[in-house]
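Take a look at the letters that make up each chain.
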Amino acid sequence: MVTIEPIQVGDHTLVGVEVKLPKTTLLTISTSRGYIMCGALDVGLLNKTLSDRQIIAARAVGVRTLAQLLAAPLESVTIEAENLGIVPGMAGSEALLRML
């Protein structure tokens, strides 16, 4: 099952996606420039193998809902996200605002 829903962050409406898979759920919230995701995101792959794409993304672990993803501290971020001032420990919602 895939669910797409609007997510309000400040005055902005972003896109939240929840994908229910066997034994896990993938979660992501995106802006037009970047996204935050659950622990399934491989930040190392984005920074190394896909570095030429300059992907702005961050990962939070231990989240089970989109609301938790917004509130959770980020565990890791891409180099491009760091360039926007997004750092590990920052709340997902704050990172999304910097991605606008």
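Refer to the preceding data block for the structure.
Asker: Just give me the short version of unusual backbone geometry, but keep the residues and values in it.
Answerer: Residues other than glycine seldom take positive phi values, yet Lys23 does so here, at roughly 70 degrees. Within the secondary structure, Lys23 is located in the loop between strand S2 (12–21) and strand S3 (24–30). Here Lys23 falls in the exposed class, since its relative accessible area comes to 89%. Located in the positive-phi region is Gln54, a residue other than glycine, with phi close to 50 degrees. Here Gln54 is to be found in the loop between helix H1 (43–47) and strand S5 (56–59).

Asker: Explain the pattern of salt bridges to me, using residue names and the numbers behind them.
Answerer: For the structure shown, the criterion picks out three salt bridges. Of the charged contacts, one joins Lys20 and Glu18 as a salt bridge, the two residues approaching to 3.9 Å between their closest N and O atoms. The class of Lys20 is partly exposed, set by a relative accessible area of 46%.

Asker: Tell me about the sheet that holds S3, residues and numbers included.
Answerer: Strand pairs in the sheet, formed through backbone hydrogen bonds, run parallel or antiparallel to each other. With mixed pairing, six strands are arranged side by side in an open sheet as S1-S2-S3-S4-S5-S6. Strands at the two margins of the open sheet, each flanked by one partner only, are strand S1 (2–9) and strand S6 (76–77). As judged from the three bridges shared by S3 and strand S4 (residues 34–37), these two strands associate in the antiparallel manner. Opposite Ile29, over in S4, you have Ile36 as the bridge partner.

Asker: Any chance you could break down the environment of Asp42 for me, citing the residues and the numbers?
Answerer: Structurally, Asp42 can be placed in the loop between S4 and H1. Put simply, Asp42 and Ser76 are 34 residues apart on the chain and 9.3 Å apart in space, counted from C-alpha to C-alpha. For Asp42, the side chain forms a polar contact with the main-chain nitrogen of Leu45, separated by 3.0 Å.

Criteria and thresholds
- Residues numbered from 1 in each chain as written.
- Predicted model: local features only at pLDDT ≥ 70, side-chain atom pairs only at ≥ 80, totals over all residues.
- Heavy atoms only, no water.
- Helix = DSSP H or I, 4+ residues; strand = E, 2+ residues; numbered from the N terminus.
- Buried < 20%, exposed > 50% of the residue type's maximum accessible area, 1.4 Å probe, protein only.
- Salt bridge = Lys/Arg side-chain N within 4 Å of Asp/Glu carboxyl O.
- Pairing = 2+ DSSP bridges.
- Polar contact = N/O pair within 3.5 Å; in protein donor to acceptor, adjacent residues only side chain to side chain.

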